[in-house]
Amino acid sequence: MPKKVLLVDDSHTALLMEQMILNQRTKYDLVTAQNGLEAVEKSVSERPDLILMDVVMPQMDGFRACKEIRKNSSTKDIPIILVTTRGEPDFVEAGFNCGCNDYITKPLNANELVQVVQNYLED
Amino acid sequence: MQDQERLSHRTQASPAGSAGVRPAPDTMLALQTEKLQTRARIMSLEEQLATNLAEQTALAGKVRQAEARGDELRSQLSVLEERRDSLEALEVAAIRLLGTRDQQEAIAILMEIVAALVGSEEMAIYEVDHGARRLKLAASFGVASPEVVPLGDGITGRVAATGTEYIAEAPAVQAGAATDEQISVCAPLMRQGVTAGVLTIYGLLPQKQRIDSKDLVIIHFIQQQAAGILFRQEQRA
């Protein structure tokens, strides 16, 4: 059974880029969400093995979505990687305080994205 | 030591009368034979060693060649990977931009493309009015760009007037300022050989060091395709 990754971003372009990179280089199943609220819902319904989460999103941002996912016993252990344009130390710290496991910055580097995802999904 | 013992033993075993001083002839013969055999053996081993050294030298040469080939292949792989990354980004840009005929949606998509694929959240799109010799702001994101720019004025105006793109040698970091000093890229948006508009990208995200080849592939695509979607009316020259 292939591992499943939930991609969360309000930018269709960013989502498409992530899908293209991962589809071309890995065999993971990919599901998408376009805001934090949908991400929380799909973390329960899809039970992904990993979540790639944008931060600045409408309805619910990535920080809050991360906290909500961590509150739920059925999803609290899913690794969450923040994907963000903001790489400042205080921003990154805020992400870790919300419960994320890692972060990568945009614009995405394909090799970096695949490496980070595989670090969490490969035994 | 063994040879000396042997020699001593043979000397002691030699016929009486010689007082053990001169070894018997057959002993000498055996010694000479052994010496010759040993010399021959040494020569043979020296030949083998020379051959072995020659083989080592040849192998070392082959190893160096293989290492050089490995370096060359790694370099080619790096170039191809970079090309693949560019093509993937271009495909995404094309799917997004060519998937709409709505001007407002096209503007939003352009902003997404520049933010997600190039790495800047500060940009402006201008439409060129050749008749009035000016550029009018169609949209901006992340900065407060001037509403009107005279044709030929500043970087944006010059790009519109000449149809030649501008790429800053040392791109600025985004700072919320729409000044010429903050312009990283200024690209003419072409339609049928005429500059119909200009895309100005200001400061880059802090983690983005430079405009690279992948970015240029996307920007050139935008140059050729965006005007047809963004600016519908014919430009009066």
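Residues numbered from 1 in each chain as written. Chains lettered and ligands numbered in written order. Predicted model: local features only at pLDDT ≥ 70, side-chain atom pairs only at ≥ 80, totals over all residues. Heavy atoms only, no water.

Quick look at the overall build of chain B
A count of helical and extended segments in chain B gives five helices and six strands. Starting at the N terminus and walking to the C terminus, you meet the elements of chain B as α-α-α-β-β-β-α-β-β-β-α. Looking at the 237 residues of chain B, the share that counts as buried comes to 37%. The contacts of chain B with a sequence gap of at least 6 include a subset with a gap of at least 24, amounting to 58%. Summed over all atoms, the accessible surface of chain B reaches about 14000 Å², with 54% contributed by carbon and sulfur. (Helix = DSSP H or I, 4+ residues; strand = E, 2+ residues; numbered from the N terminus. Buried < 20%, exposed > 50% of the residue type's maximum accessible area, 1.4 Å probe, protein only. Contact = heavy atoms within 4.5 Å. Areas by Shrake-Rupley, 256 points an atom, 1.4 Å probe, with all protein chains shown as cover.)

Notes on the nonpolar core
Within the largest apolar cluster, 56 residues are counted, with the highest numbers of intra-cluster contacts made by Leu52 and Val117 of chain A together with Leu97, Ile125, Leu189, Ile222 and Leu230 of chain B. Ranked by residues supplied to this core, first place goes to helix H3 (residues 103-118) of chain B with ten residues. With residues up to four places along the chain from it excluded, the contact list for Ile222 of chain B reads Leu110, Ile113, Leu189 and Leu199 of chain B. With 20 residues, the next largest nonpolar core counts Val55, Met57, Met60 and Leu82 of chain A among its residues. (Core = buried A, V, L, I, M, F, W, Y, C linked by side-chain atoms within 4.5 Å.)

So, empty space enclosed by the protein
Here the structure, examined in full by the defined rule, presents two cavities of 30 Å³ or more. By volume, the largest cavity amounts to about 40 Å³. Elements represented by at least two residues in the lining of the largest cavity include exactly strand E4 (80-84) and helix H4 (89-97) of chain A. Counted by class, the lining of the largest cavity contains seven nonpolar, two polar and no charged residues. Empty space within the second largest cavity amounts to approximately 30 Å³. Taken together, Ala14, Met17, Lys106 and Leu108 of chain A together with Ala116 and Leu117 of chain B make up the lining of the second largest cavity. If you list the elements that add at least two residues to the lining of the second largest cavity, you get helix H1 (12-25) of chain A together with H3 of chain B. (1 Å grid on protein atoms, 1.4 Å probe; cavity = no way out; pocket = protein on both sides within 12 Å on 5 of 7 lines; lining within 4 Å. Points joined across faces, edges and corners; volume = space filled by probe spheres on them. Nonpolar A, V, L, I, M, F, W, Y, C, P; charged D, E, K, R; others polar.)

A look at the environment of Gln56 of chain B
All names here are of chain B. Inspection of the secondary structure puts Gln56 in helix H2 (residues 25-97). You can call Gln56 partly exposed: its relative accessible area is 47%. Considering only alpha carbons, one finds Gln56 and Thr162, 106 residues apart in sequence, at a separation of 64 Å.

So, the sheet that holds strand E5 (residues 102-105) of chain A
Residues and elements named next belong to chain A. Taken in spatial order, the five strands of this open sheet run E2-E1-E3-E4-E5, and their pairing is parallel. Where the open sheet ends on each side, the last strands, each with one partner, are strand E2 (29-33) and E5. Looking at each pair of strands side by side, their axes are set apart by 20° on average, direction ignored. The sheet contact formed by E4 and E5 spans four bridges and is parallel. Each residue of the ladder has a partner; that of Leu82, found in E5, is Tyr103. (Pairing = 2+ DSSP bridges. Axes fitted to C-alpha atoms, helices over the stretch in contact; angles between N-to-C directions.)

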